[in-house]
Amino acid sequence: MMEQQPPAGDHVGPYFLWPSFPSTGHPLLDFYRETGIRELATQLLRTDLAVQDPVFAQVATTIPPWPHRPGRPHVDGLTPGEADGRPGTFSLLAGVWLTDHDRRHRGNLWVWPGTHLRFGQYLAERGADALACVEDMDPGPYPKIELGEPTQAVGSAGSVLFAHYLLAHNIGDYEGAADEGRRETVYYRLRASGHRDRWREAVTDPLAEFR
(Lines give C-alpha, C1' and ligand atoms only; values in the text may rest on other atoms or scores of the structure.)
Protein backbone atom coordinates (compact mmCIF):
# COMPACT_ATOMS: atom_id res chain seq x y z
CA MET A 1 0.00 0.00 0.00
CA MET A 2 2.82 2.40 0.84
CA GLU A 3 4.47 1.60 -2.46
CA GLN A 4 1.22 2.32 -4.32
CA GLN A 5 0.49 5.54 -2.38
CA PRO A 6 3.88 6.80 -1.19
CA PRO A 7 4.49 10.08 0.62
CA ALA A 8 6.45 12.80 -1.10
CA GLY A 9 10.15 12.10 -1.27
CA ASP A 10 11.02 14.83 1.22
CA HIS A 11 8.15 14.11 3.63
CA VAL A 12 8.89 13.73 7.34
CA GLY A 13 6.47 13.20 10.21
CA PRO A 14 3.11 11.40 10.14
CA TYR A 15 1.75 9.83 6.97
CA PHE A 16 -1.58 7.96 6.97
CA LEU A 17 -3.54 5.68 4.68
CA TRP A 18 -7.21 4.84 5.33
CA PRO A 19 -8.19 1.62 3.51
CA SER A 20 -11.88 0.69 3.59
CA PHE A 21 -12.95 -2.94 3.71
CA PRO A 22 -15.33 -3.82 0.84
CA SER A 23 -17.71 -6.76 1.00
CA THR A 24 -15.19 -8.75 -1.03
CA GLY A 25 -12.66 -8.51 1.82
CA HIS A 26 -9.29 -6.89 2.36
CA PRO A 27 -5.85 -8.15 3.46
CA LEU A 28 -5.91 -5.93 6.57
CA LEU A 29 -9.29 -7.37 7.58
CA ASP A 30 -7.82 -10.86 7.14
CA PHE A 31 -4.88 -9.77 9.27
CA TYR A 32 -7.25 -8.54 11.99
CA ARG A 33 -9.12 -11.84 12.03
CA GLU A 34 -6.16 -14.19 11.74
CA THR A 35 -4.06 -12.58 14.49
CA GLY A 36 -6.75 -12.87 17.15
CA ILE A 37 -7.27 -9.17 17.82
CA ARG A 38 -11.04 -9.63 18.10
CA GLU A 39 -10.61 -12.36 20.72
CA LEU A 40 -8.26 -10.17 22.76
CA ALA A 41 -10.65 -7.20 22.60
CA THR A 42 -13.59 -9.40 23.62
CA GLN A 43 -11.80 -10.24 26.87
CA LEU A 44 -12.03 -6.56 27.84
CA LEU A 45 -15.76 -6.18 27.19
CA ARG A 46 -18.78 -7.33 29.18
CA THR A 47 -19.52 -11.00 28.69
CA ASP A 48 -22.81 -10.21 26.94
CA LEU A 49 -21.11 -8.11 24.26
CA ALA A 50 -19.23 -9.12 21.13
CA VAL A 51 -16.80 -7.13 18.98
CA GLN A 52 -17.97 -6.13 15.53
CA ASP A 53 -15.54 -6.41 12.63
CA PRO A 54 -14.03 -3.05 11.69
CA VAL A 55 -15.00 -1.49 8.36
CA PHE A 56 -11.69 0.26 7.74
CA ALA A 57 -8.15 0.54 9.07
CA GLN A 58 -5.66 3.33 9.57
CA VAL A 59 -2.13 2.67 8.40
CA ALA A 60 -0.14 5.10 10.56
CA THR A 61 3.51 5.80 9.85
CA THR A 62 5.98 8.36 11.16
CA ILE A 63 9.03 9.20 9.05
CA PRO A 64 12.07 10.59 10.88
CA PRO A 65 13.44 12.98 11.78
CA TRP A 66 10.39 14.70 13.30
CA PRO A 67 11.14 16.55 16.57
CA HIS A 68 7.53 17.61 17.20
CA ARG A 69 6.25 17.07 20.76
CA PRO A 70 2.46 16.87 21.12
CA GLY A 71 1.22 19.73 23.22
CA ARG A 72 -2.42 18.65 23.38
CA PRO A 73 -4.26 15.35 22.83
CA HIS A 74 -7.31 14.61 20.71
CA VAL A 75 -10.31 12.30 20.54
CA ASP A 76 -11.18 10.54 17.29
CA GLY A 77 -14.30 10.76 15.17
CA LEU A 78 -15.36 14.38 15.72
CA THR A 79 -13.83 16.32 12.84
CA PRO A 80 -15.51 15.18 10.74
CA GLY A 81 -18.23 13.15 12.39
CA GLU A 82 -20.47 10.66 10.61
CA ALA A 83 -22.75 11.52 7.71
CA ASP A 84 -25.90 11.49 9.88
CA GLY A 85 -24.37 14.02 12.28
CA ARG A 86 -23.57 11.50 14.98
CA PRO A 87 -20.05 11.68 16.39
CA GLY A 88 -17.92 8.79 15.21
CA THR A 89 -17.63 7.05 18.56
CA PHE A 90 -16.40 3.52 19.11
CA SER A 91 -15.48 1.30 22.05
CA LEU A 92 -11.79 0.52 21.68
CA LEU A 93 -8.84 1.60 19.60
CA ALA A 94 -6.62 -1.37 18.74
CA GLY A 95 -3.14 -0.60 17.45
CA VAL A 96 -0.88 -3.34 16.08
CA TRP A 97 2.80 -2.38 16.15
CA LEU A 98 4.48 -3.56 12.97
CA THR A 99 7.82 -2.07 14.04
CA ASP A 100 9.49 -1.94 17.44
CA HIS A 101 8.32 0.76 19.82
CA ASP A 102 10.65 -0.33 22.61
CA ARG A 103 12.41 3.04 22.89
CA ARG A 104 10.86 6.38 23.67
CA HIS A 105 10.76 9.22 21.14
CA ARG A 106 10.65 6.87 18.17
CA GLY A 107 7.18 7.73 16.91
CA ASN A 108 5.51 6.25 20.00
CA LEU A 109 1.87 7.01 20.72
CA TRP A 110 1.52 9.47 23.61
CA VAL A 111 -1.37 8.82 26.00
CA TRP A 112 -2.70 10.63 29.08
CA PRO A 113 -3.68 7.93 31.63
CA GLY A 114 -7.04 8.26 33.35
CA THR A 115 -8.42 10.86 30.97
CA HIS A 116 -11.09 8.49 29.67
CA LEU A 117 -12.72 8.61 33.11
CA ARG A 118 -12.41 12.38 33.47
CA PHE A 119 -13.72 12.91 29.93
CA GLY A 120 -16.66 10.64 30.77
CA GLN A 121 -17.41 12.75 33.87
CA TYR A 122 -17.24 15.89 31.71
CA LEU A 123 -19.87 14.40 29.37
CA ALA A 124 -22.02 13.06 32.22
CA GLU A 125 -22.30 16.61 33.55
CA ARG A 126 -23.04 18.23 30.18
CA GLY A 127 -24.80 15.46 28.27
CA ALA A 128 -23.46 13.15 25.58
CA ASP A 129 -24.14 15.65 22.79
CA ALA A 130 -21.43 17.89 24.27
CA LEU A 131 -19.00 15.46 22.65
CA ALA A 132 -19.72 17.10 19.30
CA CYS A 133 -19.32 20.68 20.60
CA VAL A 134 -15.72 21.02 19.47
CA GLU A 135 -15.98 24.82 19.72
CA ASP A 136 -16.06 24.39 23.50
CA MET A 137 -12.91 22.26 23.52
CA ASP A 138 -9.23 23.00 23.33
CA PRO A 139 -7.47 22.47 20.00
CA GLY A 140 -7.17 18.77 19.34
CA PRO A 141 -10.13 18.49 19.86
CA TYR A 142 -10.19 17.46 23.51
CA PRO A 143 -12.16 19.01 26.40
CA LYS A 144 -10.69 21.35 28.97
CA ILE A 145 -10.18 18.78 31.72
CA GLU A 146 -7.26 17.87 33.95
CA LEU A 147 -4.90 15.90 31.73
CA GLY A 148 -2.09 14.93 34.06
CA GLU A 149 1.26 13.87 32.64
CA PRO A 150 1.47 11.97 29.34
CA THR A 151 3.34 8.71 28.87
CA GLN A 152 4.74 7.10 25.75
CA ALA A 153 3.51 3.62 24.86
CA VAL A 154 6.44 1.23 24.43
CA GLY A 155 6.72 -2.37 23.32
CA SER A 156 8.06 -4.70 20.69
CA ALA A 157 6.82 -5.31 17.17
CA GLY A 158 3.85 -7.65 17.20
CA SER A 159 2.36 -6.08 20.33
CA VAL A 160 -1.24 -4.86 20.36
CA LEU A 161 -2.23 -1.69 22.18
CA PHE A 162 -5.83 -1.26 23.33
CA ALA A 163 -7.10 2.18 24.33
CA HIS A 164 -10.54 3.36 25.45
CA TYR A 165 -12.26 5.61 22.93
CA LEU A 166 -12.19 8.61 25.28
CA LEU A 167 -8.53 8.25 26.27
CA ALA A 168 -6.47 11.33 25.39
CA HIS A 169 -3.76 10.47 22.87
CA ASN A 170 -1.65 11.96 20.11
CA ILE A 171 1.16 11.25 17.68
CA GLY A 172 4.59 11.33 19.24
CA ASP A 173 7.89 12.67 18.02
CA TYR A 174 10.57 10.68 16.21
CA GLU A 175 14.07 11.83 17.10
CA GLY A 176 15.82 9.22 14.99
CA ALA A 177 17.90 9.82 11.89
CA ALA A 178 16.38 9.60 8.43
CA ASP A 179 18.00 6.21 7.78
CA GLU A 180 16.42 4.57 10.85
CA GLY A 181 13.25 3.72 8.95
CA ARG A 182 9.68 4.72 9.60
CA ARG A 183 7.51 3.70 12.54
CA GLU A 184 4.53 1.60 11.41
CA THR A 185 1.24 0.85 13.15
CA VAL A 186 -2.13 -0.43 11.92
CA TYR A 187 -5.08 0.89 13.90
CA TYR A 188 -8.58 -0.57 14.04
CA ARG A 189 -11.54 1.24 15.57
CA LEU A 190 -13.64 -1.41 17.28
CA ARG A 191 -17.27 -1.21 18.37
CA ALA A 192 -18.98 -3.50 20.83
CA SER A 193 -22.20 -5.00 19.54
CA GLY A 194 -25.01 -2.44 19.84
CA HIS A 195 -22.63 0.46 20.42
CA ARG A 196 -24.25 2.73 17.85
CA ASP A 197 -27.59 2.48 19.67
CA ARG A 198 -26.15 3.23 23.10
CA TRP A 199 -23.25 5.53 22.26
CA ARG A 200 -24.59 8.18 24.64
CA GLU A 201 -24.41 5.76 27.55
CA ALA A 202 -20.97 4.60 26.46
CA VAL A 203 -19.46 8.09 26.58
CA THR A 204 -21.18 9.30 29.77
CA ASP A 205 -20.41 6.05 31.63
CA PRO A 206 -16.99 5.10 30.22
CA LEU A 207 -16.96 1.63 31.80
CA ALA A 208 -20.49 0.68 30.70
CA GLU A 209 -19.26 -1.66 27.97
CA PHE A 210 -16.36 -3.14 29.91
CA ARG A 211 -15.88 -5.89 32.48
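Our subject in this report is the structure included herewith. Being a predicted model, the structure only gives us computed values, none of them experimental. (Residues numbered from 1 in each chain as written. Predicted model: local features only at pLDDT ≥ 70, side-chain atom pairs only at ≥ 80, totals over all residues. Heavy atoms only, no water.)

## What to know about the nonpolar core
Working step 1: Phe-119, Leu-123, Leu-131, Tyr-142, Tyr-165 and Val-203 are the most contacted members of the largest nonpolar core, which totals 30 residues.
Working step 2: Elements supplying a minimum of two residues to this core: β3 (92-97), β4 (109-112), α3 (115-126), β6 (160-164) and α4 (199-204).
Working step 3: It is β4 that provides the largest number of residues to this core, a total of 4 residues.
Working step 4: Setting aside its immediate chain neighbours within four residues, Phe-119 contacts Val-75, Leu-131, Met-137, Tyr-142, Pro-143, Ile-145 and Leu-166.
Working step 5: Membership of the second largest hydrophobic core comes to 22 residues, among which are Tyr-15, Leu-49, Ala-94 and Tyr-188. (Core = buried A, V, L, I, M, F, W, Y, C linked by side-chain atoms within 4.5 Å. Buried < 20%, exposed > 50% of the residue type's maximum accessible area, 1.4 Å probe, protein only. Helix = DSSP H or I, 4+ residues; strand = E, 2+ residues; numbered from the N terminus. Contact = heavy atoms within 4.5 Å.)

## Overview of the sheet that holds strand β8 (residues 183-190)
Working step 1: Ordered in space as β1-β2-β8-β3-β6, the 5 strands form an open sheet in which the pairing is antiparallel. Strands with a single pairing partner mark the edges of an open sheet, and in this sheet they are β1 (13-17) and β6. Neighbouring strand axes in the sheet, compared pairwise and without regard to direction, differ in orientation by 25° on average.
Working step 2: Seen against the sheet, helix α1 (residues 27-34) touches β2 (58-63), β3 and β8 and runs at an angle of roughly 80° to β8. (Pairing = 2+ DSSP bridges. Axes fitted to C-alpha atoms, helices over the stretch in contact; angles between N-to-C directions.)

## Some thoughts on α1
Because an α-helix packs 3.6 residues into every turn, residues spaced three or four apart end up facing the same way.
Working step 1: Burial in α1 covers these residues: Leu-28, Leu-29 and Tyr-32. For α1, the buried positions fall inside an angular range of 105° around the axis, keeping them on one side. The outward face of α1, more than 90 degrees from its buried face, is lined by the exposed residues Pro-27 and Glu-34.
Working step 2: Contact partners of the buried residues in α1: α2 (37-42), β2 and β8. (Arc of directions from axis to C-beta.)

## Quick look at the pairing of β3
Working step 1: Along β3, 6 of the 6 residues are buried, which leaves the element largely enclosed by surrounding structure.
Working step 2: Burial along β3 is two-sided: Leu-92, Ala-94 and Val-96 and Leu-93, Gly-95 and Trp-97, pointing in opposite directions, are all buried.
Working step 3: Relative to β6, β3 runs antiparallel, the two being bridged by 5 bridges. Residue pairing in the sheet places Val-96 in a bridge with Val-160 of β6.
Working step 4: As defined by bridge partners, β3 adjoins β8 across 6 bridges and the pair is classed as antiparallel. Looking at the pairing, Gly-95 lines up with Tyr-187 of β8.

## Here's the deal with the environment of Pro-64
Working step 1: Secondary-structure assignment places Pro-64 in the loop between β2 and β3.
Working step 2: As for Pro-64 and Gly-176, which are separated by 112 residues in sequence, their C-alpha atoms are 5.7 Å apart.
Working step 3: Residues within four places of Pro-64 in sequence aside, it is in contact with Val-12, Tyr-174, Gly-176, Ala-177, Ala-178, Gly-181 and Arg-182.

## Observations regarding the side chain of Arg-86
Working step 1: Mapped onto the secondary structure, Arg-86 falls in the loop between β2 and β3.
Working step 2: What makes Arg-86 buried here is its relative accessible area of 9%.
Working step 3: A distance of 2.9 Å separates polar atoms of two side chains, one belonging to Arg-86 and the other to Thr-89. (Polar contact = N/O pair within 3.5 Å; in protein donor to acceptor, adjacent residues only side chain to side chain.)

## Let's talk about the packing of aromatic side chains
Working step 1: Scanning the entire structure with this criterion turns up 6 aromatic pairs.
Working step 2: Residues Tyr-32 and Tyr-188 carry aromatic rings whose centres are separated by 5.2 Å and whose planes lie at 50° to one another, so their mutual orientation is tilted. Of the two residues, Tyr-32 is situated in helix α1 and Tyr-188 in strand β8; the sequence distance between them amounts to 156 residues.
Working step 3: For Tyr-188, a relative accessible area of 0% gives the class buried.
Working step 4: Between Phe-119 and Tyr-142 the ring centres are 4.8 Å apart and the planes differ by 65°, which places this aromatic pair in the edge-to-face class. One end of the pair, Phe-119, is in helix α3; the other, Tyr-142, is in the loop between α3 and β5 (151-152), and 23 residues separate them in sequence. (Phe/Tyr/Trp six-rings, centres within 6.5 Å; stacked < 30°, edge-to-face > 60°.)

## So, the pattern of salt bridges
Working step 1: A complete count under the given rule lists 18 salt bridges for this structure.
Working step 2: A salt bridge links Arg-46 to Asp-48; its shortest N-O distance comes to 2.8 Å.
Working step 3: Through salt bridges with shared partners, one network takes in Glu-82, Asp-84, Arg-86, Arg-191 and Arg-196. (Salt bridge = Lys/Arg side-chain N within 4 Å of Asp/Glu carboxyl O.)

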